[in-house]
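Reading the structure
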Amino acid sequence: MPTYAVTGATGRLGRLVIGQLLDSGVPAAEIAAIVRSPEKAADLAARGVEIRKANYDDPSTLPGAVAGVRRLLLISGDTPGQRVPQHTAVVDAAKLAGVERLVYTSILKADSTTNPLAPEHKATEEVLAASGLTYTVLRNGWYTENYTDQLPQYLGSGTILGATGGSKISAATRADYAAAAVAALTREEAGNAVYELGGTPFTFDELAEAVTEVTGTPVAHRDLSAAELASALENVGLDAGTAGFVAALDNSIAIGELVTDSDDLSRLIGRPSTPLRDAIRAAQA
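To keep things clear, this report deals only with the structure shown in the data block. All figures in this text were calculated on a predicted structure; none of them were measured in a lab.

1. Some remarks on the pairing of strand β7 (residues 159-162)
The two faces of β7 differ: Ile160 and Gly162 on one face are buried, but Thr159 and Leu161 on the other face are not. The pairing of β7 with strand β9 (residues 220-223) spans 4 bridges and is parallel. Counted as the bridge partner of Leu161 is Arg222 from β9.

2. Quick word on the pattern of salt bridges
Taken as a whole, this structure holds 17 salt bridges when the rule is applied. Two residues, Arg267 and Asp263, come together in a salt bridge whose shortest N-O distance is 3.1 Å. Between Arg281 and Asp278 there is a salt bridge; the shortest N-O distance is 2.9 Å. On the criterion of helical spacing, the pair formed by Arg281 and Asp278 is a turn pair, its members being 3 residues apart in helix α13 (residues 276-284). The class of Arg281 is partly exposed, set by a relative accessible area of 40%. Residue Asp278 is classed as partly exposed on the basis of its relative accessible area, which comes to 37%.

3. Quick notes on the sheet that holds strand β6 (residues 135-140)
One open sheet accounts for 7 strands, arranged β3-β2-β1-β4-β5-β6-β8; its pairing is parallel. Taken across any chain shown, the strands that pair with only one partner, and hence form the sheet edges, are β3 (50-53) and β8 (193-197). Shown here is a sheet whose adjacent strand axes are inclined to one another by a mean of 20 degrees, direction ignored. Where β6 lies against β8, 5 bridges are found, and the strand directions are parallel. Across the sheet, Val137 pairs through a bridge with Val194, a residue of β8. In the packing of helix α4 (residues 83-97) onto the sheet, contacts are made with β4 (71-74) and β5 (101-107), and the angle to β4 comes to roughly 180 degrees.

4. Overview of α13
For α13, the set of buried residues is Leu276, Ala279 and Ile280. Seen end-on, α13 carries its buried residues on one side only, within an arc spanning 100 degrees. Where the residues of α13 are buried, they touch α6 (145-148), α7 (151-157) and α9 (204-215).

5. Some details on unusual backbone geometry
Positive phi outside glycine occurs at Lys109, with the angle close to 55 degrees. Examined against the element boundaries, Lys109 turns out to sit in the loop between β5 and α5 (118-131). With relative accessibility at 22%, the residue Lys109 sits in the partly exposed group.

Reading guide: rules and limits
- Residue numbers restart at each chain and count upward from 1, following the sequence in its written direction.
- Under the rules for a predicted model, residues below a pLDDT of 70 receive no local features and side-chain atom pairs below 80 are neither given nor counted, while totals for whole chains, interfaces and linings still include all residues.
- In computing side-chain properties, one takes all heavy atoms of the structure into account and sets aside hydrogens as well as water.
- Three exposure classes are used, based on accessible area relative to the maximum for each residue type with a 1.4 Å probe and protein chains only: buried under 20%, partly exposed in between, and exposed over 50%.
- Helix and strand definitions here come from DSSP, where helices need a minimum of 4 consecutive H or I residues and strands a minimum of 2 consecutive E residues; each element is numbered from the N-terminal end.
- Note: two strands are recorded as paired if DSSP finds a minimum of 2 bridges between them.
- The salt bridge criterion pairs a side-chain nitrogen of Lys or Arg with a carboxyl oxygen of Asp or Glu, the two atoms within 4 Å.
- Under this scheme, a helix contributes an axis fitted over its contacting stretch, all axes are lines through C-alpha atoms, and angles between N-to-C directions fall in the 0 to 180 degree range.
- When checking whether two residues touch, look at their non-hydrogen atoms; a contact exists if any pair is within 4.5 Å.
- Of all possible arcs, the one meant is that of the directions from the helix axis to the C-beta atoms.

What is shown is where atoms sit, not what they do.
Right under this line is the structure:
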C-alpha cells in the first residue's frame, strides 16, 4: 500500500514532486499518482508508480484514491471559483481514509494578502483547520516560470511590461517548490505547520538585467500603472477581464504582498533557491 499520494500528478508540479520522491530513494511502490486521465500517466506507471484515477469534481472517486495513504499532497486545483468545493472533497476523503498528514499548496501570505488568487486558498486553509487532520500548508510564492516562460516575448519585444512599482518578488522555480513539497511529505514533524515560501527576491528591473546578461539581447523593463498595464494587455489581444486580473496581480506585487523575508524554503530544501540567471538559462535552453 502506498505511503505517499500526490493529486494532480500529471501536472507540471505533480510530476516534479513524484520524480523528486523517486530520486530521493522512495520506492515507487510507496507512491500513488492521483490523476484524472491515467493515459497521461503512462510514464509514471512505467517507473512503478501506482496510478489511481480520481476527479476533484466527482467526490465519489476520492475515497478510493486516498485509501491506505499515510501522507497526501493536495496540489491546488486550476479552476477558479471551484477550488474550495474541490479541495473540501479531498480533505473529507482524506479524513475518512485516516490520512496521517495532508500537505496543501497554498499561496504566499494567504491570510492577509489582497492577491485576487488568495481567497480560495485562505478558505481551503480554513477547511483544513476545521477538519481535525494534521496538515502542512505550503504557502508558495510566485513561480519564476511565470516570467521565464515569457522569454520569447521579452526577447521579441525588447521589453518587460509591469505595474509593480519597483517592488520585489520572492519567486522560486517550480522544482524548488516541488523539493519543498517532498520535504514536507517525508519529514517527521509534530503537529500542524505553515510555511511561507519564496526565493531570493528580485525586481522587474533586475529581471530585465538578468535576461539581457544571459541572452545577450537587450531587454528593458517598462513600469506602468495598473490601469495602463491593463490597457496595454487589451491592445495585444487579452479580454478586459483577464487584462484587469493580470494588472491586479502586479498591484499585489507593488504593495509588497509577493515578497517575503522568510527562509522557510531554503530550510526545507536544504539549499538556496535556484538563482534567477540559472532559471533563465534553463528556459533559454
